[in-house]
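Structural features, examined
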Amino acid sequence: MIEVQHLTKAYGNQIAVEDLSFTIPNGQIYGLLGPNGAGKSTTMNILTGCLAATEGEVHIDGYDIFEDAEKAKSRIGYLPEQPPLYLDCTPREYLTFVARAKKVPEREISMHILDIMEKTGVEDVADRLMKNLSKGYKQRVGIAQALVGDPEIIILDEPTSGLDPQQIIEIRDLIRDLGTDHTIILSSHILSEVENLCDNVMIISRGRLMACDSPANLAEMFRGTTTIRLIVDGDGETVQKILEGVDGLTGIETAPEKEGRTAVRIDSDSRDSDEISKNVFFAFSQAGTPVLQMTMDHVDLEDVFVELTDQESLDETKTSNSNSETEEEELS
Ligand code: ADP
Ligand code: MG
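Residues numbered from 1 in each chain as written. Chains lettered and ligands numbered in written order. Predicted model: local features only at pLDDT ≥ 70, side-chain atom pairs only at ≥ 80, totals over all residues. Heavy atoms only, no water.

**Points about the packing of aromatic side chains**
Under the convention used in this document: Only rings of Phe, Tyr and Trp enter the pairing, Trp through its six-membered ring, and a pair is recorded when the two centres are within 6.5 Å. The plane angle decides the type: under 30 degrees is stacked, over 60 is edge-to-face, the rest tilted. What counts as a helix is a DSSP run of H or I of at least four residues, what counts as a strand is a run of E of at least two, and both are numbered from the N terminus. To sort residues, take the accessible area from a 1.4 Å probe on protein chains only and compare it with the maximum for the residue type: under 20% means buried, over 50% means exposed, and anything in between is partly exposed.
Going through the model one piece at a time under the given rule, you end up with 3 aromatic pairs. Measuring from ring centre to ring centre gives 5.6 Å for Tyr86 and Phe97, while their planes differ by 85°; the resulting arrangement is edge-to-face. One end of the pair, Tyr86, is in the loop between strand 6 (76-79) and helix 3 (91-101); the other, Phe97, is in helix 3, and 11 residues separate them in sequence. Its relative accessible area of 46% is what places Tyr86 among the partly exposed residues. Classification of Phe97 as partly exposed rests on a relative accessible area of 47%.

In structure tokens, the structure reads:
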């Protein structure tokens, strides 16, 4: 279990993470979602004991990451944004080195590494120099080094960033697989990444935690803003009069269409969008005014993400990360 309380990190006078508090139970996959510069890597570097906090506390299975670093760290495997790979050695040599650094007993090392290489699908390239491996394989080796020492918690910073669409699918499958017997936190600035993979999503923007819930609950939470669009066979005044009698509508806009028809946009803060659309339908029906078209805008996690992270930082994501955005488009 990971407990974070009032975590703040300032670089000079710039605050990267501000008053972050959350608890992550064992056995789940958590996604840390936020645009570039939101503070994801900073948070992960602190959780894994690689970076000191300015304020706040982090406990891993009850151990303080700053006071009891060795015990806390032994429970965590970490794949940083820039994996620390030694390109002039082979995965087997590299993982052996990592195992020694993590104090895996010498006689267990070769079996342990074999096991991890099998899990992460790197046996085939075990004895090739890492500089000759594809980005996908390098990333697998990066994940493999996080698994050395059998930590319960695996923290992965943008694990699919820079990979091609096929590699992204393979790494996602691997993470899903690892999720069956590990607690996983992964970060991403791409919504579909965490939506598909994670039990819970923490949305972070400008160093602050904006929301934390399951993808479905987050979408449900923001269903408050249901929008219904209609084309009505009648004039604007008639439409206004009919809708005045319907409860739960927060905004009504009308615009004339051709042949005496009216285009209508209705906003409601009701969570029950079916109920609202029924009420609207019956109100027109009772007034004898035909509704020619009716469409509903459903809020999904994308809308929540956009709403919770401000436009400025989203724009930054688009310009500075055009690469990964393109990959995402190719996938969907
Ligand atoms: P993310 O991983 O979500 O893209 P980061 O945690 O890398 O975000 O960065 C959060 C903020 O902190 C950004 O504004 C970034 O510029 C700043 N930052 C990150 N690392 C440093 C550093 N070593 N020195 C100064 N500022 C930093
Ligand atoms: Mg980052």
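**Some remarks on the packing of helix 4 (residues 106-120) against helix 5 (residues 135-147)**
Threshold: Here an axis means a line fitted to C-alpha atoms, over the contact stretch when the element is a helix, while the angle between two N-to-C directions is reported on a 0 to 180 degree scale. Oblique is the label for every angle not falling under 35 degrees (roughly parallel), over 145 degrees (roughly antiparallel), or within 65 to 115 degrees (roughly perpendicular). Left-handed describes a crossing whose near helix is turned anticlockwise from the far helix by less than a right angle; the clockwise case is right-handed. In this analysis, two residues are considered to be in contact whenever any of their non-hydrogen atoms come within 4.5 Å of each other. Polar here means any residue other than Ala, Val, Leu, Ile, Met, Phe, Trp, Tyr, Cys and Pro, which are nonpolar, and Asp, Glu, Lys and Arg, which are charged; Gly is therefore polar.
It is at 9 Å that the axes of helix 4 and helix 5 come closest, and there the two elements cross at 135°. By the angle class used here, helix 4 and helix 5 are oblique. For the crossing formed where helix 4 meets helix 5, the hand is right-handed. Residues His112, Ile116, Lys119 and Thr120 of helix 4 form the contact with helix 5, whose own contacting residues are Arg140, Ile143, Ala144 and Leu147. Split into classes, the residues belonging to the contact of helix 4 with helix 5 amount to 4 nonpolar, 2 polar and 2 charged.

**Topic: the layout of surface pockets**
Note the following rule: Any residue with an atom within 4 Å of a point lines the site, the site being either a cavity, points on a 1 Å grid over the protein atoms alone where a 1.4 Å probe fits but cannot get out, or a pocket, an open set with protein on both sides within 12 Å along at least 5 of 7 lines. Grid points are joined across faces, edges and corners, and a volume is the space filled by probe spheres set on the points.
There is about 760 Å³ of room inside the largest pocket. Looking at the largest pocket, it is lined by 26 residues, and the ones nearest its centre are Lys73, Ser74, Ile76, Ala101 and Lys102. For the lining of the largest pocket, the elements supplying multiple residues, two or more each, are helix 2 (69-73), strand 6, helix 3 and helix 4. Broken down by element, the residue count for the lining of the largest pocket peaks at 4 residues, all from helix 3.

**Topic: the environment of Ala126**
One can find Ala126 in the loop between helix 4 and helix 5. Taking the C-alpha atoms as reference points, Ala126 and Pro91, separated by 35 residues in sequence, lie 5.1 Å from one another. Discounting chain neighbours no more than four positions away, the residues touching Ala126 are Thr90, Pro91, Arg92 and Met117.

**Some points on the environment of Thr226**
Among the secondary structure elements, Thr226 is positioned in strand 11 (residues 226-232). With 67 residues separating them along the chain, Thr226 and Pro159 place their C-alpha atoms 35 Å apart. Those residues in contact with Thr226 that sit more than four places away from it in its chain are Ile266, Asp267, Ser268, Ser270, Ser273, Met296 and Asp297.

**What to know about the packing of helix 9 (residues 236-244) against helix 10 (residues 273-286)**
Packing of helix 9 against helix 10 leaves a shortest axis separation of 9 Å and a crossing angle of 125°. Regarding the angle of helix 9 to helix 10, the classification is oblique. Seen from above, helix 9 lies across helix 10 with right-handed handedness. Counting all contacts with helix 9, which are made through Val239, Ile242 and Leu243, the residues of helix 10 involved are Val280, Ala283 and Phe284. In terms of residue class, the contact of helix 9 with helix 10 is made up of 6 nonpolar, no polar and no charged.

**Remarks on the nonpolar core**
Test applied: In this description, a nonpolar core means a group of buried Ala, Val, Leu, Ile, Met, Phe, Trp, Tyr and Cys residues linked to one another through side-chain atoms lying within 4.5 Å.
Counting residues in hydrophobic clusters, the biggest one holds 47 residues, and the most contacted among them are Tyr94, Leu156, Ile184, Leu186 and Ile203. Every residue in contact with Ile184, bar those within four places of it in the chain, is listed here: Gln28, Ile29, Tyr30, Ile154, Leu156, Ile175, Leu178 and Gly179. Phe22, Ile60, Ile76 and Ile204 belong to the second largest nonpolar core, which has 24 residues in total.

**Overview of the state of the cysteines**
Note on terminology: a disulfide is the covalent bond linking the sulfur atoms of two cysteines. Put simply, the rule reads: Any two cysteine sulfur atoms lying within 2.5 Å of each other are counted as a disulfide.
What the rule picks out here adds up to 0 disulfides. For the unlinked cysteine Cys50, the closest cysteine sulfur is that of Cys89, found at 19 Å. Looking at the unpaired Cys212, the closest cysteine sulfur is the one in Cys198, lying at 11 Å. The partly exposed category is assigned to Cys212, whose relative accessible area is 36%.

**Details of helix 3**
Regarding helix 3, the residues found buried are Pro91, Tyr94, Leu95, Thr96, Val98 and Ala99. Buried residues in helix 3 make contact with helix 4 and helix 5. One or two steps after helix 3, the chain reaches Lys103, where phi turns positive at roughly 60°.

**A closer look at the side chain of Thr227**
Convention followed: Counted as a polar contact is a pair of N or O atoms within 3.5 Å, where, for protein atoms, one must be capable of donating a hydrogen and the other of accepting one, and residues adjacent in sequence contribute only when both atoms are in side chains.
Inspection of the secondary structure assignment puts Thr227 in strand 11. Note on Thr227: relative accessible area 8%, which makes it buried. Of note is the side chain of Thr227, whose polar atom sits 3.1 Å from the side chain of Asp267. In contact with Thr227, other than residues within four places in its own chain, are Arg265, Ile266, Asp267, Thr295, Met296 and Asp297.

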